[in-house]
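Next come the chains, spelled out residue by residue.
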Amino acid sequence: TTGQDNVFIGELAGSNVTSATDNTFVGAKAGLRNTSGVDNTFIGEEAGAAVTTGRDNTMIGEGAGSHVSTGDDNTFVGSASGGDACCGNETSYTGYKNTGIGNDALQDIQDGYRNTALGDSAGLDIGNGNFNTMLGQAAGWATEHADYNTMVGWSAGGDNNRTNNTNDANRNTYLGARTGYSNR
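Asks: How should I be thinking about the overall build of the protein in this particular structure?
Replies: A count of helical and extended segments in the protein gives zero helices and 10 strands. In sequence order, the protein lays out its α and β elements as β-β-β-β-β-β-β-β-β-β. For a compact globule of 184 residues, the expected C-alpha radius of gyration is about 16 Å, and the protein comes in at 16 Å, within 12% of that figure. Oriented by its inertia axes, the alpha-carbon framework of the protein measures out at about 50 × 25 × 25 Å.

Shown next, in the form of structure tokens:
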């Protein structure tokens, strides 16, 4: 291999690296599939385990970031934030510039980009949504494939667009507990 300036600690951490550089993987299977990613930090069991070539990602917590394969500039902090599907037959995605902080925040991120979710289960089922901001426990938890929304408060915009599975629930602002909960 030609990788350099890497630190790998834990069973199978970084075990597939061929040319990756400047990475830190700590925990069993952290960075497991990484081959040539650069400047990544993965801490926790299976954190960043699906990332193959992504760069500048920070994933901290058990299973954090395990939906992202080639995305760049993502930050996921909390158990299963940014995914919880590692090491089986799951599908991996290329979301980029997303920030999910809290257990299960942005858990089902797919190809979505520039989303911010802060709180347990905030943006849980975001899918391919873009430019969304979700603050509060379960805020926007089912905002699947919706864009340009702001949701602040417990379960604000909670079921925004889930039933339609289209881009029909865009450009909304919800402030307060359960506001806009069933907007479809």
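So, next bit.
Asks: Honestly, the packing of aromatic side chains in this entry has me stumped. Any pointers?
Replies: For any pair of aromatic rings, geometry is given as the distance between the ring centres together with the angle between the planes. With the rule as written, the count across this model stands at five aromatic pairs. Relative to Phe42, the ring of Phe25 has its centre 4.9 Å away and its plane inclined at 10 degrees; by these criteria the two rings are stacked. Here the residue Phe25 occupies a position in strand S2 (residues 24–26), and Phe42 occupies one in strand S3 (residues 41–43), the gap between them amounting to 17 residues. Per residue, the accessibility class of Phe25 equals that of Phe42, and both read buried. With centroids separated by 5.0 Å and ring planes inclined at 5 degrees, the aromatic side chains of Tyr96 and Tyr113 adopt a geometry described as stacked. Linking Tyr96 in the loop between strand S5 (75–77) and strand S6 (99–101) with Tyr113 in the loop between S6 and strand S7 (116–118), this pair joins segments that are 17 residues apart in sequence. Using a relative accessible area of 32% as the deciding quantity, one classes Tyr96 as partly exposed.

Asks: Just checking my understanding: could you explain the environment of Asp111 for this structure?
Replies: Following the sequence through the fold, Asp111 ends up in the loop between S6 and S7. Each C-alpha atom, one on Asp111 and one on His67, is 9.7 Å from the other, the two residues being 44 residues apart in sequence. Excluding residues within four positions of it along the chain, Asp111 makes contact with Tyr93, Thr94, Gly95, Gly127, Asn128 and Asn130. One polar contact links Asp111 to Thr94, side chain to side chain, over a distance of 3.1 Å.

Asks: Would you mind going over the nonpolar core with me for this structure?
Replies: If you look at soluble globular proteins, the nonpolar side chains tend to sit buried side by side. If you look at the biggest cluster of nonpolar residues, it comprises 23 residues, and the most contacted ones within it are Phe42, Met59, Phe76, Leu106 and Met134. Sequence-distant contacts of Phe76, defined by excluding residues within four places in its chain, comprise Thr58, Met59, Ile60, Ala64, Gly65, Val68, Ser81, Gly82, Asn98, Gly100, Leu106 and Ile109.

Asks: What am I meant to see in the sheet that holds strand S10 (residues 173–175) here?
Replies: Remark on secondary structure: sheet strands pair via backbone hydrogen bonds, oriented parallel or antiparallel. Taken in spatial order, the 10 strands line up as S1-S2-S3-S4-S5-S6-S7-S8-S9-S10 in an open sheet, and their pairing is parallel. Since the sheet does not close on itself, it has two edges, and those belong to strand S1 (7–9) and S10, each with one partner. Pairs of neighbouring strands in the sheet enclose a mean axial angle of 5 degrees, with direction left out of account. As judged from the three bridges shared by S2 and S3, these two strands associate in the parallel manner.

Asks: Help me understand a nonpolar patch on the surface, please; the structure alone is not making it clear to me.
Replies: On the surface, a nonpolar cluster with roughly 390 Å² of combined accessible area is contributed by Ile101, Leu118, Leu135, Val152 and Leu175. By the element assignment, Val152 lies in strand S9 (residues 150–152). Overall, the relative accessible area of 30% leaves Val152 in the partly exposed class.

Asks: I tried to follow the pattern of salt bridges on my own but got confused; where do I start?
Replies: Oppositely charged side chains may form a pair once their charged atoms are brought near each other. In this structure the tally under the stated criterion is two salt bridges. Between Arg55 and Asp56 there is a salt bridge whose closest N-O contact spans 3.6 Å. With its nearest N and O atoms 3.3 Å apart, the salt bridge here joins Lys97 to Asp73. Highlighted residues: Lys97 in the loop between S5 and S6 and Asp73 in the loop between strand S4 (58–60) and S5, separated in sequence by 24 residues.

Asks: What is the right way to read the side chain of Asn74 from this model?
Replies: Relative to the assigned elements, Asn74 resides in the loop between S4 and S5. By relative accessible area, which is 0% here, Asn74 ends up buried. In terms of polar contacts, Asn74 uses its side chain to reach the backbone amide nitrogen of Lys97, at 3.3 Å. With residues up to four places along the chain from it excluded, the contact list for Asn74 reads Asp56, Asn57, Thr58, Met59, Val68, Gly95, Tyr96, Lys97 and Asn98.

Asks: Is there a simple way to explain unusual backbone geometry in this structure?
Replies: Backbone geometry follows two general trends: most residues other than glycine have a negative phi, and most peptide bonds adopt the trans configuration. Positive phi, normally seen in glycine, also occurs at Asp56, with a value near 60 degrees. Structurally, Asp56 can be placed in the loop between S3 and S4. The exposure class assigned to Asp56 is partly exposed, which follows from its relative accessible area of 34%. At Arg178, a residue that is not glycine, the phi angle is positive and equals roughly 60 degrees. If you trace the backbone, Arg178 turns up in the segment after S10.

Cut-off values and rules
- Residues numbered from 1 in each chain as written.
- Predicted model: local features only at pLDDT ≥ 70, side-chain atom pairs only at ≥ 80, totals over all residues.
- Heavy atoms only, no water.
- Helix = DSSP H or I, 4+ residues; strand = E, 2+ residues; numbered from the N terminus.
- Rg over C-alpha atoms; globule rule 2.2 N^0.38 Å.
- Phe/Tyr/Trp six-rings, centres within 6.5 Å; stacked < 30°, edge-to-face > 60°.
- Buried < 20%, exposed > 50% of the residue type's maximum accessible area, 1.4 Å probe, protein only.
- Contact = heavy atoms within 4.5 Å.
- Polar contact = N/O pair within 3.5 Å; in protein donor to acceptor, adjacent residues only side chain to side chain.
- Core = buried A, V, L, I, M, F, W, Y, C linked by side-chain atoms within 4.5 Å.
- Pairing = 2+ DSSP bridges.
- Axes fitted to C-alpha atoms, helices over the stretch in contact; angles between N-to-C directions.
- Patch = residues over 30% accessible without salt bridge, like charges linked within 9 Å, V, L, I, M, F, W, Y side chains within 5 Å.
- Areas by Shrake-Rupley, 256 points an atom, 1.4 Å probe, with all protein chains shown as cover.
- Salt bridge = Lys/Arg side-chain N within 4 Å of Asp/Glu carboxyl O.

Functional significance is not addressed by these values, which are geometric in nature.
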